[in-house]
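Residue-level listing of the chains:
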Amino acid sequence: MRFAILSPIYPYRGGIAQFSGRLYQELVEEGYEVKAFNFKRLYPDILFPGKTQYVEEGESVEAIASERVLDSVNPLSYITTTKAIRTYAPDVLIISYWMSFFVPGYAHVANRMRKHCKVIALIHNAIPHEPHFFDKPLATLLFRQCHGFIVMSDIVRDDLLRLCPSARYIQNPHPLYDHFGEKMDRAEACARLHLDSSHKNLLFFGLIRDYKGLDLLIEAMGELEDDYQLIIAGECYGSFEKYQALIDTSPARNRIQVHNAYISDEEIPVYFSAADALILPYRSATQSGVVSVAYHYDLPMVATPVGDFPNSVGRAVTGVVASGISASAMAEGIRALFLPEKWQSIPERIAETKKRLSWGNLTKKLLQFIQSN
């Protein structure tokens, strides 16, 4: 069976590119022929809020060969992308979807490929975290061109079925991000980050956007005891000023460490090894790739009751789901995580959960789905 993957992938950085790269590797290891068709322009620079869209020189990221053909804002590239994929002649085309901005190119390719191969949309988000009025009709336009779908959470499944009630899909939890390296000694990791290793280290990790609720966590720190310290690690999309103002006026300001920059793959083990818990104070969510990183590093979590967190954290009993979306609820949830009766039970539950989150399980379901449809 021959696979084509249409998605941002190396040299792009970020969760979507990393997921597609890891899926590519898994299919190759299973013995399938796979080719990645990449973007030659993902976002126009004027629309990209971060420092760079690309892996920078010196970052230790495994390179994946791809044909860079799709330009998100150049309709002529939609034709050349379709031609390139047709020439490769895959049995299955997997399209990574997370934002309606990419529908024009994606829908063009899917429409013209659906008579030649099975078209599967891998849906990270059916509706974006920060939605617009045009998201639903555009997503529906693309989904109608697809033979099937891969979803990784109940909320994305429900969004898909609202848009396409007859959609055929498989659901599989987000597999482990297990390619960042092994866990370090905690004391060594704390020393590298200049952290007091006697404190309880809370980690907020990833791109900083409004819906992720960092402001709530900063406010929660003001309610927590002095033996808690917070590590904020990730690049802010937009201004960090409002967060800095909260830190500056917080009674916990001396226990909050900020790394407002993209965290490279080789730095990730340091942050996750120094931390005692990952904190997810999100106002909205679907599934989160950061949860998959936390599981790889055996890190318990505290999350708000949104998206897939009640399932991936709460039902798995690998952390605490807060009672609400507020600073006080987060502070209460963090304290609850460190109660001895809770804390001692978590390592066993994380080990059990990790067994379910293999890439092999995802590809096995995908292959069974393709062969049955």
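The notes below deal with the structure included here. Each chain carries its own residue numbering, running from 1 in the direction its sequence is written. In view of the model being predicted, local features appear only for residues whose pLDDT reaches at least 70, and side-chain atom pairs are presented and counted only at 80 or more, with totals across whole chains, interfaces and linings using the full set of residues. Derived side-chain values reflect all non-hydrogen atoms in the structure, with water molecules and hydrogen atoms excluded from consideration.

1. Overview of the sheet that holds strand β12 (residues 301–303)
By definition, the strands of a sheet pair up through backbone hydrogen bonds, in either a parallel or an antiparallel sense.
In step 1: Strand pairing requires that DSSP identify at least two bridges connecting the strands. For the purposes of this entry, the term helix denotes a DSSP run of H or I that reaches at least four residues, the term strand denotes a run of E that reaches at least two, and both are numbered from the N terminus. Across the sheet, six strands lie side by side as β10-β9-β8-β11-β12-β13; this open sheet has parallel pairing. Only two strands of the sheet have a single partner each, and these edge strands are β10 (256–259) and β13 (319–321). Looking at each pair of strands side by side, their axes are set apart by 20 degrees on average, direction ignored.
In step 2: Across six bridges, the pairing between strand β8 (residues 200–205) and strand β9 (residues 228–233) is parallel. Bridging across to β9, Leu 203 finds its partner in Ile 231.
In step 3: Lying over the sheet, helix α7 (residues 214–221) contacts β8, β9, β10 and β11 (277–280), oriented at roughly 160 degrees with respect to β9.
In step 4: Contacting β8, β9, β11, β12 and β13, helix α12 (residues 327–337) runs over the sheet at an angle of about 155 degrees to β12. All axes are obtained by fitting lines to C-alpha atoms, using only the stretch in contact for helices, and the reported angles, taken between N-to-C directions, cover 0 to 180 degrees. Contact between two residues is taken to exist if any of their heavy atoms lie within 4.5 Å; hydrogens are not considered.

2. With respect to the nonpolar core
The nonpolar side chains of a soluble globular protein tend to be buried, and buried together.
In step 1: Definition used in this section: a nonpolar core is a set of buried Ala, Val, Leu, Ile, Met, Phe, Trp, Tyr and Cys residues joined via side-chain atoms within 4.5 Å. Any residue under 20% of the maximum accessible area for its type is buried, any over 50% is exposed, and the rest in between are partly exposed; the area is computed with a 1.4 Å probe on protein chains only. Among the nonpolar cores identified, the biggest contains 93 residues, and Leu 202, Phe 272 and Leu 278 are the most heavily contacted of them.
In step 2: Dropping the residues within four chain positions of it, Phe 272 is found in contact with Leu 203, Phe 205, Leu 278, Val 290, Val 293, Ala 294, Tyr 297 and Leu 299.
In step 3: Judged by nonpolar contacts, the second largest core, of 43 residues, contains Ala 17, Leu 93, Ile 95 and Val 119.

3. Overview of the packing of aromatic side chains
In step 1: For this analysis, a ring pair means two rings from Phe, Tyr or Trp (six-membered ring only for Trp) whose centres lie within 6.5 Å, classed as stacked if their planes differ by under 30 degrees, edge-to-face if by over 60, and tilted for the remaining angles. In the structure shown here, the tally under the stated rule is 21 aromatic pairs.
In step 2: Put simply, the rings of Phe 39, Tyr 43, Trp 98, Phe 101, Phe 102 and Tyr 106 touch in pairs and so form one group of aromatic residues.
In step 3: Sitting over the face of the ring of Phe 338, Lys 200 holds its NZ or CZ atom 5.9 Å from the ring centroid. Here, a charge over a ring is recorded when the distance from Lys NZ or Arg CZ to the ring centre is within 6 Å and its angle to the ring normal is within 35 degrees.

4. Some details on the sheet that holds strand β6 (residues 148–151)
In step 1: The strand order across the open sheet formed by seven strands is β3-β2-β1-β4-β5-β6-β7, and the pairing between neighbours is parallel. Of all strands in the sheet, those bounded by a partner on one side alone are β3 (67–71) and β7 (169–171). Averaged over all neighbouring strand pairs, the angle between strand axes comes to 25 degrees, with direction disregarded.
In step 2: When strand β4 (residues 92–97) meets strand β5 (residues 118–123), the two strands line up parallel, connected through six bridges. Paired with Leu 93 across the bridge in β5 is Val 119.
In step 3: Relative to the sheet, helix α5 (residues 154–163) contacts β5, β6 and β7, its axis offset from that of β7 by approximately 165 degrees.

5. Comments concerning the pairing of strand β2 (residues 33–41)
In step 1: Examined bridge by bridge, strand β1 (residues 2–6) and β2 share five bridges and lie parallel to one another. Residue pairing in the sheet places Phe 3 in a bridge with Val 34 of β2.
In step 2: This β-α-β element, β1 to helix α1 (residues 15–29) to β2, shows right-handed connectivity.
In step 3: Note: β2 against β3, four bridges, orientation parallel. Within the sheet, the bridge partner assigned to Phe 37 lies in β3 and is Glu 67. The handedness of a crossover follows from its direction of travel: if, with the strands pointing away from the viewer, the path from the first strand over the helix to the second runs clockwise, the crossover is right-handed.

6. As for the environment of Phe 369
In step 1: Checked against the element boundaries, Phe 369 lands in helix α15 (residues 359–372).
In step 2: Accessibility expressed as a relative area gives 8% for Phe 369, which makes it buried.
In step 3: When the C-alpha positions of Phe 369 and Ile 170 are compared, they lie 7.1 Å apart, and in sequence the two are 199 residues distant.
In step 4: Among all residues touching Phe 369, those that are not within four sequence positions of it are Ile 120, Gly 148, Phe 149, Arg 168, Tyr 169 and Ile 170.

7. Things to note about the packing of α1 against α15
In step 1: One way to put it is that α1 packs onto α15 with a least axis distance of 10 Å and a crossing angle of 75 degrees. Our classification of the angle between α1 and α15 gives roughly perpendicular. Here Phe 19, Arg 22, Leu 23, Glu 26 and Leu 27 of α1 come into contact with α15, specifically with Trp 359, Gly 360, Leu 362 and Thr 363.
In step 2: When grouped by side-chain class, the residues that make up the contact of α1 with α15 number five nonpolar, two polar and two charged. Just so you know how the angles are binned, under 35 degrees is roughly parallel, over 145 roughly antiparallel, 65 to 115 roughly perpendicular, and the rest oblique. Just so you know the grouping, Ala, Val, Leu, Ile, Met, Phe, Trp, Tyr, Cys and Pro go in nonpolar, Asp, Glu, Lys and Arg go in charged, and all remaining residues, Gly too, go in polar.

8. Some points on the environment of Ile 268
In step 1: Looking at the element boundaries, Ile 268 is found in helix α9 (residues 268–274).
In step 2: Its relative accessible area of 4% is what places Ile 268 among the buried residues.
In step 3: In this structure Ile 268 touches Phe 180, Phe 205, Ile 263, Val 293 and Tyr 297, once residues within four positions along its chain are discounted.

9. Examining unusual backbone geometry
In step 1: Along the chain, Tyr 10 connects to Pro 11 via a cis peptide bond; the corresponding omega equals 15 degrees.
In step 2: Residue placement: Pro 11 occurs in the loop between β1 and α1.
In step 3: A positive phi is found at His 194, a non-glycine position, where the angle reads about 60 degrees.
In step 4: Within the secondary structure layout, His 194 lies in the loop between α6 (186–192) and β8.

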